[in-house]
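Residue-level structural notes
One-letter residues, chain by chain:
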Amino acid sequence: MKNIFSKTKGQTLIFKSEQYLYPEHVPARLPHRDEEIDSLVFCFNPVTKGGKPQNVFLYGPTGTGKTATARYVLNELEEYSDRARSIHINCFEQNTRHSILASITNFLGSPIPRRGTGTDEIYDSMRFVLKKSRFTPIIVLDEIDQMQGSNEASKLLYDLLRISEQEKARFGIILVSNDFSFTSRLDGRVKSSLMEENIEFNPYSPEQLKDILGERAEYAFVDGVIGKEAIAVAAAHAAKKGGDARVAIDALLKAGRAAERDNSGEVTVEYLRSAFKSIDSAPVQKIVESLNEEEKIILKIIVSKDSQKSGEVYKKYSQLSKKPLSERSFRSMIGKLSDSDLINAPLIGEGMRGKTRQLSIAVPKKEIEKHLTNIN
Ligand SMILES: Nc1ncnc2c1ncn2[C@@H]1O[C@H](COP(=O)(O)OP(=O)(O)OP(=O)(O)O)[C@@H](O)[C@H]1O
Ligand SMILES: [Mg+2]
């Protein structure tokens, strides 16, 4: 008998490769970010000649390409020069000075046990390995404003400042935030020495979004299944929603999946309209507030990365939470989060230990983060 997942006869294909629409995909080109890319290249160019990079602060509203641009430039830099290596830390996921110092120290090649090591001890070993490092580490502190309390970020940045002053250790820092005023709240000395450059990311205009979407669509969809008009509708809507490219790309994915399910052969303007309707109308706050503590922790882990496998999320949960969960209750919580449309959880495989799902959030990230702030 035919497997139920194999394509049924007569079904028309919509996607060439839908991965190009996944939020974690770093595109090969970033249209309309040339200036921002050039500025970053200027800041990090000294590294390629063995010099000291300029630290930089990237700010701007959600979905304007800050994370994508930082990743893109650092990928290129690492490909070009062995002298540079970068670590990307999301401070919503790792929101204490302790865990961030530990991650950096680990990255520098000095593994330290997750528990039972004091923060000062970690700081000392970081100083030590940094001095010996044969490459220039570049530390991206993404969503720095999401650290627990403003003081924690200040302390962390102060630690880094002290190291760079006392040890003459060479490293670069990229801070990323939605909030321009973030750095103005920092200690004056930290501010002046750590933030040498600012790069602002502006919301995308409808025209710019059209180019961005057009390019992603070209890779993702079979030729001819999505028309210019549908792309224009998606671009216009996302521009109205604050020029957020993430929302626009997610709408293309949702519309494409709906067209595929209906076997319609075309991603029409109507599919895009209903995709936006489902993205816009999710009453996120109410749903998040109705979740129990375990579900909130799971959701927080899912939000912290663009996309991850269910097994990884379960592992992280077990490390983070004091309350153990059986795999079975974990699965039922994932089911609940997916039913309430907070997350996407497509099945991607069946292994020895059960079904694997690819988990990612289904509504604008900031909407969820806003309501999860008291969860650690
Ligand atoms: N110029 C661009 N070209 C192609 N894709 C882009 C561009 N800008 C952003 N994107 C895509 O849009 C999505 C959101 O971008 P990104 O994650 O960089 O936003 P952000 O500014 O970091 O937002 P946030 O503040 O919410 O973290 C990603 O999937 C990214 O690949
Ligand atoms: Mg980001």
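What you see is a predicted model; the values in this text were computed from it and never measured.

**Section: helix α4 (residues 119-132)**
Side chains of residues three or four places apart in an α-helix project in the same direction, reflecting 3.6 residues per turn. Here α4 contains 14 residues, and its C-alpha end-to-end distance of 20 Å stays within 8% of the 20 Å for a straight helix at 1.5 Å per residue. Within α4, the full set of buried residues consists of Ile122, Tyr123, Met126 and Leu130. On an axial view of α4, the arc spanned by its buried residues comes to 100°, and they lie on one face. Relative to its buried face, α4 has exposed residues pointing more than 90 degrees away, namely Asp120, Asp124, Lys131 and Lys132.

**Looking at the sheet that holds strand β3 (residues 136-142)**
Strand order in this open sheet of five strands is β2-β3-β4-β1-β5, and the pairing throughout is parallel. Taken across any chain shown, the strands that pair with only one partner, and hence form the sheet edges, are β2 (84-90) and β5 (197-200). When strand polarity is set aside, the average angle formed by the axes of neighbouring strands in this sheet is 15°. For β3 and strand β4 (residues 172-177), the ladder comprises four bridges, and the chain directions are parallel.

**Observations regarding helix α2 (residues 66-80)**
Taking 1.5 Å per residue, 15 residues should reach 21 Å; α2 reaches 21 Å between its end C-alpha atoms and fits that length. Listing the buried residues of α2 in full gives Lys66, Thr67, Thr69, Ala70, Tyr72, Val73, Leu74 and Leu77.

**Examining the environment of Lys240**
With respect to the helices and strands, Lys240 occurs in helix α8 (residues 228-240). C-beta crowding within 10 Å serves as the criterion here: with 11 such atoms nearby, Lys240 is assigned to the exposed category. A sequence separation of 35 residues divides Lys240 from Ser205, and the C-alpha atoms of the two residues are 8.9 Å apart.

**Structural notes on the nonpolar core**
Leu213, Ala234, Ala248, Ala251 and Leu252 are the most contacted members of the largest nonpolar core, which has 53 residues in total. Contributions of two or more residues to this core are made by α7 (206-220), α8, α9 (245-261), α10 (269-281), α12 (293-303), α14 (327-339) and β9 (354-361). Ranked by the residues each element gives to this core, the list is headed by α9, at nine residues. Not counting residues up to four positions away in its chain, the partners in contact with Leu252 are Leu21, Leu213, Arg216, Ala217 and Ala234. By size, the runner-up hydrophobic cluster in this structure holds 43 residues, among which are Phe44, Val73, Ile138 and Ile173.

**A closer look at the domain arrangement of the chain**
It is common to give the size of an interface as the accessible area that goes away when the parts come together. Assigned domains within the chain: domain 1 (34-200), domain 2 (204-281) and domain 3 (284-370). When each unit is reduced to the centre of its C-alpha atoms, the spacing between domain 1 and domain 2 is 34 Å. Across the side of domain 1 that touches domain 2, the residue classes tally to one nonpolar, four polar and no charged.

**Some thoughts on the environment of Thr62**
Relative to the assigned elements, Thr62 resides in the loop between β1 (56-59) and α2. Taking the C-alpha atoms as reference, Thr62 lies 8.5 Å from Gly243; in sequence the two are 181 residues apart. Apart from residues no more than four positions distant in its own chain, Thr62 is found in contact with Asn178, Asp244, Pro364, Lys365 and Lys366.

Conventions and cut-offs
Here, residues in each chain are numbered from 1, in the same order as that chain's written sequence. Chains and ligands are labelled by the order in which they are written, letters from A for the one and numbers from 1 for the other. Only residues with pLDDT of 70 or above have their local features reported here, since the model is predicted, and side-chain atom pairs are shown and tallied only from 80 upward, although totals for entire chains, interfaces and linings are computed over all residues. Only runs of H or I of at least four residues qualify as helices and only runs of E of at least two qualify as strands under DSSP, and these elements are numbered from the N terminus. Expected helix span is taken as 1.5 Å per residue step, with the number of steps being one fewer than the number of residues. Field definition: a residue is buried when 20 or more other C-beta atoms are found within 10 Å of its C-beta, exposed when 12 or fewer are, and partly exposed for counts in between, with C-beta atoms placed from the backbone. The arc under discussion is defined with respect to the helix axis, by the directions toward the C-beta atoms. Being paired, for any two strands, means DSSP has found at least two bridges between them. Orientation is described by lines fitted to C-alpha atoms, with helices fitted over the stretch in contact, and by angles between N-to-C directions that extend from 0 to 180 degrees. In plain words, the nonpolar core is the set of buried Ala, Val, Leu, Ile, Met, Phe, Trp, Tyr and Cys residues that C-beta atoms within 7 Å link up. Contact criterion: two residues are in contact if their C-beta atoms, reconstructed from the backbone, are within 7 Å. Residue ranges for the domains originate in an automatic or database domain assignment. All amino acids are sorted into three groups, where Ala, Val, Leu, Ile, Met, Phe, Trp, Tyr, Cys and Pro are nonpolar, Asp, Glu, Lys and Arg are charged, and the leftover types, Gly among them, are polar.

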